[in-house]
Amino acid sequence: MQTASFVEQFHALGFLGITLNTTFSSPQYFSLDGCDFVYHQPGILEVIPLHWSQRVVISSGIHGDETAPIEMVNQLVSELIQGKYQLGARVLFIIAHPQAIQAGKRFIDTNLNRLFEREVDDDGSLEFNIARQLDSVVSNFFFEGEGLKWHLDVHSAIRDSKYFAFAVRPFTEPEIAKQPLMSLLSKGRVSAVLHSQSPSSTFSWYSAHYHQANALTVELGRVARFGENNHQEIKSFKAALVALLNDAPFSLEQGSFKVKQYRVNRVLNKQDDSFRFVFPASTANFTLFDGGEVIAYEHEQPISSQIGERLIFPNANVPIGQRAALLVVEVDN
Ligand SMILES: [Zn+2]
């Protein structure tokens, strides 16, 4: 009887509603329209169609206040259940951090998106346990089987950006082919991609490093409250995800939309509490500085930009030793 009531509740509340408002925990299984559904735990839903050629993880809510991607994942599940697209991929839909979402906060104890390195020490945080649970579920999902593996970890930025949508491609060794990712980004009209040059222990890095998945962190717009996101602006990216999930073959050709490419030129690490930026907190990601312009001070020593450098993810409030900003430069390919 529990399963019947679960399915009724699932239809009534949707994936996000059942994640936030019910206590179903042990895996719940049901079938709809030829697909098997496994609700592993709050926020983790696997869907297995009769025939599939690739495996796709679409994750949201790693940061609890980034609501647009959470709403998008919820819509993708609803539209699948309504038969608006036919599934041709095995999918893991993730709303990663229900407790932070309930609290309306980025995190509870610490930033979840730097805990996906398996050797990281247990810091006793709630997020450490969430990272290990996600590792377990995603590892099982990617274990064995043929076909391409994908992971799109979708976020919203905490500041404005020169580009409404941009992506960060994790560093792996050996390198994972770029072409499938560039094809997806072009179809989704994502304006820019940053190619990382060092490992980063993010969720997308985890899937690329441990599972050789085509993985990206995608930043869509800016943090806003539930119901206040402009879904018109993210519809191109959502359409690209549907193209990846549905049962028509996904073309790996580059689309006509040009995606600008960047690489990290320098990482600014905070070495001391005296570290401060000189620009206002509202400065947008990918802001271009003139060569030689002072951008920060530490021990009252100026730190200047180099020609062509753009600044992203500035945050002077990180603990000492952590990254305070990245300086990136555009590359042709
Ligand atoms: Zn985020």
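What counts and what doesn't
- Residues numbered from 1 in each chain as written.
- Predicted model: local features only at pLDDT ≥ 70, side-chain atom pairs only at ≥ 80, totals over all residues.
- Heavy atoms only, no water.
- Helix = DSSP H or I, 4+ residues; strand = E, 2+ residues; numbered from the N terminus.
- Rg over C-alpha atoms; globule rule 2.2 N^0.38 Å.
- Buried < 20%, exposed > 50% of the residue type's maximum accessible area, 1.4 Å probe, protein only.
- Lys, Arg positive; Asp, Glu negative; His and termini not counted.
- Charge placed at Lys NZ, Arg CZ, Asp CG, Glu CD.
- Bend = angle between axes of the 7 residues up to and from the residue.
- Polar contact = N/O pair within 3.5 Å; in protein donor to acceptor, adjacent residues only side chain to side chain.
- Donors = N, O, S within 2.8 Å, 3.2 Å for Na, K, Ca; no water.
- Tetrahedral: all angles 85-135°; square planar, octahedral: opposite > 155°, others 65-115°.
- Phe/Tyr/Trp six-rings, centres within 6.5 Å; stacked < 30°, edge-to-face > 60°.
- Lys NZ or Arg CZ within 6 Å of the ring centre and 35° of its normal.
- Pairing = 2+ DSSP bridges.
- Right-handed = clockwise from strand over helix to strand, strands pointing away.
- Axes fitted to C-alpha atoms, helices over the stretch in contact; angles between N-to-C directions.
- Parallel < 35°, antiparallel > 145°, perpendicular 65-115°, else oblique.
- Left-handed = near helix turned anticlockwise from the far one by under 90°.
- Contact = heavy atoms within 4.5 Å.
- 1 Å grid on protein atoms, 1.4 Å probe; cavity = no way out; pocket = protein on both sides within 12 Å on 5 of 7 lines; lining within 4 Å.
- Points joined across faces, edges and corners; volume = space filled by probe spheres on them.
- Nonpolar A, V, L, I, M, F, W, Y, C, P; charged D, E, K, R; others polar.

S.K.: Explain the overall build of the chain here, please?
M.R.: Broken down by element type, the chain carries seven helices and 16 strands. Here the chain has a C-alpha radius of gyration of 20 Å; the compact-globule value for 333 residues is 20 Å, and the two agree. Along the three orthogonal principal directions, the C-alpha set of the chain runs to about 65 × 45 × 40 Å. Looking at the chain as a whole, 53% of its 333 residues qualify as buried. Both charge centroids of the chain, one from 27 positive and one from 36 negative side chains, sit 6 Å from each other.

S.K.: Teacher, can you tell me more about helix H7 (residues 231-245) here?
M.R.: The α-helix winds at 3.6 residues per turn, so residues separated by three or four positions along the chain end up facing the same way. Where H7 bends most, at Phe237, the angle is about 30°. Within the sequence span of H7, burial applies to Ile234, Phe237, Lys238, Ala240, Leu241, Val242, Leu244 and Leu245. If you check the start of H7, you find a side-chain oxygen 3.0 Å away from the backbone N of Gln232, and it comes from Asn230.

S.K.: What is the right way to read the coordination of the zinc ion from this model?
M.R.: For a metal with four tetrahedral donors the ideal donor-metal-donor angle is 109.5 degrees, while six octahedral donors give ideal angles of 90 or 180 degrees. The protein atoms donating to the zinc ion are His63 (ND1), Glu66 (OE), Glu66 (OE) and His155 (ND1), with metal-donor distances spanning 2.0 to 2.3 Å. Around the zinc ion, the four donor atoms sit at angles spanning 59 to 150°, and that spread fits a shape best called irregular. Donor residues for the zinc ion sit on one chain with the sequence pattern H-x2-E-x88-H. One end of the pair, Glu66, is in the loop between strand S4 (55-60) and helix H2 (67-81); the other, His155, is in strand S6 (residues 149-157), with 89 residues separating them in the sequence. In this structure Glu66 comes out as buried when scored by relative accessible area, which is 2%.

S.K.: Can you help me understand the packing of aromatic side chains in this one?
M.R.: For any pair of aromatic rings, the description consists of the separation of the ring centres together with the inter-plane angle of the planes. All chains considered together, the criterion is met by 21 aromatic pairs. Consider the rings of Phe6 and Phe10, whose centres lie 5.9 Å apart with planes at 40°: the pair is tilted. Taken together, the residues span about one helical turn, with Phe6 and Phe10 both in helix H1 (residues 2-21) at a distance of four residues. An identical accessibility class is assigned to Phe6 and Phe10; each is buried. The interplanar angle of 55° and the centroid separation of 5.5 Å between the aromatic rings of Tyr206 and Tyr210 together place this pair among those described as tilted. Note that Tyr206 and Tyr210 are positioned in helix H6 (residues 203-211) at a spacing of four residues, about one turn of the helix. One aromatic cluster in this structure is built from Phe6, Phe10, Phe24, Phe30, Phe37 and Tyr39. Positioned over the ring face of Tyr210 is Arg118, at 4.1 Å from the centre of the ring.

S.K.: So what exactly am I meant to see when it comes to the sheet that holds strand S14 (residues 301-304) here?
M.R.: Two modes of strand pairing occur in sheets, parallel and antiparallel, and in both the strands are linked by backbone hydrogen bonds. The sheet built from three strands is open, its strands ordered S11-S13-S14 with antiparallel pairing. Each of the sheet's edge strands pairs with one partner strand only, and the pair in question is strand S11 (276-277) and S14. Pairing between S11 and strand S13 (residues 294-298): two bridges, direction antiparallel. Paired with Arg276 across the strands is Tyr297, a residue of S13.

S.K.: Whenever I open this one, the pairing of S4 confuses me. Can you help?
M.R.: A regular strand places its side chains so that they alternate between the two faces of the sheet. For S4, a buried count of six out of six residues is recorded, marking the element as mostly surrounded by other parts of the structure. Sheet analysis places S4 next to strand S5 (residues 90-95), joined by six bridges and oriented parallel. Counted as the bridge partner of Ser60 is Ile95 from S5. Between the parallel elements S4 and S5, the chain passes through H2 in a crossover that is right-handed.

S.K.: Even after reading the chapter, I still don't get the packing of H2 against H7, so can you show me in this structure?
M.R.: Axes are the key here: two packed helices are described by the angle between their axes and the distance separating the axes. H7 packs onto H2 with a crossing angle of 50° between their chain directions and a minimal axis gap of 11 Å. Here H2 lies oblique to H7, going by the angle between them. Viewed along their axes, H2 and H7 form a crossing whose handedness is right-handed. Counted together, Ala68, Glu71, Met72, Gln75, Leu76 and Glu79 of H2 and His231, Ile234, Phe237, Lys238, Leu241 and Val242 of H7 form the full contact between these two elements.

S.K.: Mind showing me how you'd approach the layout of surface pockets here?
M.R.: Considered as a void within the structure, the largest pocket measures approximately 1200 Å³ in volume. As for the largest pocket, its lining consists of 41 residues, of which Asn111, Arg114, Thr202, Phe313 and Arg323 are closest to the centre. At the level of secondary structure, the elements contributing two or more residues to the lining of the largest pocket comprise S6, strand S9 (214-222), strand S10 (260-269) and strand S16 (323-331). Looking at the lining of the largest pocket residue by residue, the class counts come to 15 nonpolar, 20 polar and six charged.

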